[in-house]
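Listed below, chain by chain, are the residues.
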Amino acid sequence: MNAAASAPSADSLRAALAGLLDGLPPRQAAQAVERLIANYRGTTPTDAPVLRDRSDVAAYAAYRMPATFEAVRGTLDALRAAAPDWAPRTHTDVGGGTGAASWAVAEAWGDEPPRTTVLDWAEPALALGRELAAGALDAEWRTARIGGALKLADTDLVTVSYVLKELTAADRTALVKEAARAAQTVVIVEPGTPDGYERIIAARTLLVEAGFTVAAPCPHSGACPIEPGKDWCHFSARVSRSSLHRQVKGGSLPYEDEKYSYVAATRFPPAPTVSRITRRPQIRKGLVLLELCGRDGLARDTVTKRHGPLYKQARDAEWGDSWPPEDEGRAGS
Ligand SMILES: C[S@@+](CC[C@H](N)C(=O)[O-])C[C@H]1O[C@@H](n2cnc3c(N)ncnc32)[C@H](O)[C@@H]1O
């Protein structure tokens, strides 16, 4: 049983991670992360796991897990708003690695978290994930290779977090189709970069073709209104920086913003979303500028004091929120 075990949350994950690099001199820990980053840059997709041994995996977990956890958490917040009465009883985390998405799922449905199966081809990642999660997650950790031969057991929820980038185009397609066959809800998260967004759009198309409805971020399941190559849909999650982060990246900010792109799609009809805020709201004197994606495409909205209570809500609104807030009509427009 993990000494830090308690209800899954950002804090309990951090507590579980805190001991990971104990005993490793700080310079050596930073070098392990730097090696890992270089590996990720140079050789993907690979035909063998990048996370080869305990120090690779400890570096990945300490350095990246808090950020991928927060990105999946942001995605699940949007999914839960669109499917408030739905809760998964079973969950499969494909390419789950050390379990960041599984922690986020367990936190999201904290009252009754699903039974999770984590699949990955990197044994050391599964071993460390199992260790971190002991006593905190109801999870089974199994070796599996993603590819044309992967068969998933039927499940309520499939998560695929920061994995598509590591796969060949053919394996990406096979995985998304298999996830759609096996699950009621599929959640896919990628880095919030132009190419991450393109992989999300390709996956979204496959999910819609398989009969799914997009629950978030899009307010519809039709074509994305963003002109290819002109922009990319992405969101941002704030992550507290550990001392390891500061050492590797320099700087003294206590946080960084993890940018991510995602799609959450369901076999059942989700609650309708009018539009979503697609950039950080710009607050000016007496007005808030919102960039939105709605059912009729991309739009800008200016909310002023004249709009009454909606103005206060616009000042509190965040990038990634749905808009307008539920049950609020526009006063005076
Ligand atoms: C960047 S990590 C993401 C881990 C975790 N999902 C997260 O969000 O932190 C990518 C994971 O995908 C796994 N992976 C990559 N290619 C795979 C394949 N062909 N079969 C199984 N797992 C694979 C890697 O071993 C690694 O654990």
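Residues numbered from 1 in each chain as written. Predicted model: local features only at pLDDT ≥ 70, side-chain atom pairs only at ≥ 80, totals over all residues. Heavy atoms only, no water.

**A word on the layout of surface pockets**
And then number 1: Put simply, the second largest pocket is a space of about 830 Å³.
And then number 2: Taken together, 35 residues make up the lining of the second largest pocket; nearest its centre are E318, W319, G320, D321 and S322.
And then number 3: Within the residue set of the lining of the second largest pocket, elements represented by two or more residues are helix 3 (54-82), strand 7 (235-240), strand 8 (255-266), helix 9 (309-316) and strand 13 (322-323).
And then number 4: No other element matches the 7 residues that helix 3 contributes to the lining of the second largest pocket.
And then number 5: Split into classes, the residues belonging to the lining of the second largest pocket amount to 17 nonpolar, 6 polar and 12 charged.
And then number 6: Here the lining of the second largest pocket spans two domains, since at least three of its residues come from each of domain 1 (3-266) and domain 2 (275-323). (1 Å grid on protein atoms, 1.4 Å probe; cavity = no way out; pocket = protein on both sides within 12 Å on 5 of 7 lines; lining within 4 Å. Points joined across faces, edges and corners; volume = space filled by probe spheres on them. Helix = DSSP H or I, 4+ residues; strand = E, 2+ residues; numbered from the N terminus. Nonpolar A, V, L, I, M, F, W, Y, C, P; charged D, E, K, R; others polar. Domains from an automatic or database assignment.)

**Observations concerning the domain arrangement of the protein chain**
And then number 1: Here the protein chain is described as being made up of domain 1 (3-266) and domain 2 (275-323).
And then number 2: Counting residues at the interface gives 16 residues for domain 1 and 13 residues for domain 2.
And then number 3: Here domain 1 and domain 2 share an interface that buries about 1000 Å² over both sides, 61% of which is from carbon and sulfur atoms.
And then number 4: Taken as a group, P219, P225 and F235 account for 44% of the area that domain 1 buries against domain 2, more than any other trio of residues on that side.
And then number 5: Counting across the interface, domain 1 meets domain 2 through 2 salt bridges.
And then number 6: For R279, the salt bridge is made with D231, and the minimal N-O distance between the two is 2.9 Å.
And then number 7: Along the contact surface separating domain 1 from domain 2 lie 3 residue pairs in polar contact (both at pLDDT 80 or more).
And then number 8: Those elements that provide at least two residues to the side of domain 1 that touches domain 2 are strand 6 (213-216), strand 7 and strand 8.
And then number 9: No other element matches strand 8, which puts 3 residues into the side of domain 1 that touches domain 2.
And then number 10: Residue classes in the side of domain 1 that touches domain 2 are distributed as 10 nonpolar, 3 polar and 3 charged. (Contact = heavy atoms within 4.5 Å. Buried area = accessible area lost by both parts, 1.4 Å probe. Salt bridge = Lys/Arg side-chain N within 4 Å of Asp/Glu carboxyl O. Polar contact = N/O pair within 3.5 Å; in protein donor to acceptor, adjacent residues only side chain to side chain.)

**Observations concerning helix 4 (residues 100-108)**
And then number 1: Among the 9 residues of helix 4, 8 are classified as buried, and the element is accordingly described as predominantly covered.
And then number 2: Among the residues making up helix 4, those that are buried are A100, A101, S102, W103, A104, V105, A106 and A108.
And then number 3: Buried residues along helix 4 sit against helix 1 (10-18), helix 3, strand 1 (90-94), strand 2 (115-120), helix 5 (123-133) and strand 4 (155-161). (Buried < 20%, exposed > 50% of the residue type's maximum accessible area, 1.4 Å probe, protein only.)

**Notes on the nonpolar core**
And then number 1: L76, L79 and W103 are the most contacted members of the largest nonpolar core, which has 62 residues in total.
And then number 2: In this view, L76 contacts A104, V105, A108, W109 and V187; residues no more than four positions away in its chain are not counted.
And then number 3: V160, A180, A183 and I200 belong to the second largest nonpolar core, which has 28 residues in total. (Core = buried A, V, L, I, M, F, W, Y, C linked by side-chain atoms within 4.5 Å.)

**As for the pairing of strand 1**
And then number 1: Of all the 5 residues making up strand 1, 4 are buried; the element is thus mostly covered by neighbouring parts of the structure.
And then number 2: Where strand 1 and strand 2 come together, 5 bridges link them in parallel fashion. When the bridges of strand 2 are listed, T90 appears paired with R115.
And then number 3: Once the chain exits strand 1 it traverses helix 4 before rejoining the sheet at strand 2, and the crossover so formed is right-handed.
And then number 4: Note: strand 1 against strand 4, 3 bridges, orientation parallel. Paired with T92 across the bridge in strand 4 is V158. (Pairing = 2+ DSSP bridges. Right-handed = clockwise from strand over helix to strand, strands pointing away.)

**Describing the site of the ligand**
And then number 1: The environment of the ligand is made up of 19 residues, and the closest members are Y60, G95, D120, I146 and S161.
And then number 2: One of the side-chain N or O atoms of D120 is found 2.6 Å from an oxygen atom in the ligand.
And then number 3: S161 places a side-chain nitrogen or oxygen 2.5 Å from an oxygen atom of the ligand.
And then number 4: With the chains in place, 96% of the 590 Å² that the ligand exposes on its own is no longer accessible.
And then number 5: Taken together, the residues of the shell around the ligand sort by class into 11 nonpolar, 5 polar and 3 charged. (Near = heavy atom within 4 Å. Areas by Shrake-Rupley, 256 points an atom, 1.4 Å probe, with all protein chains shown as cover.)

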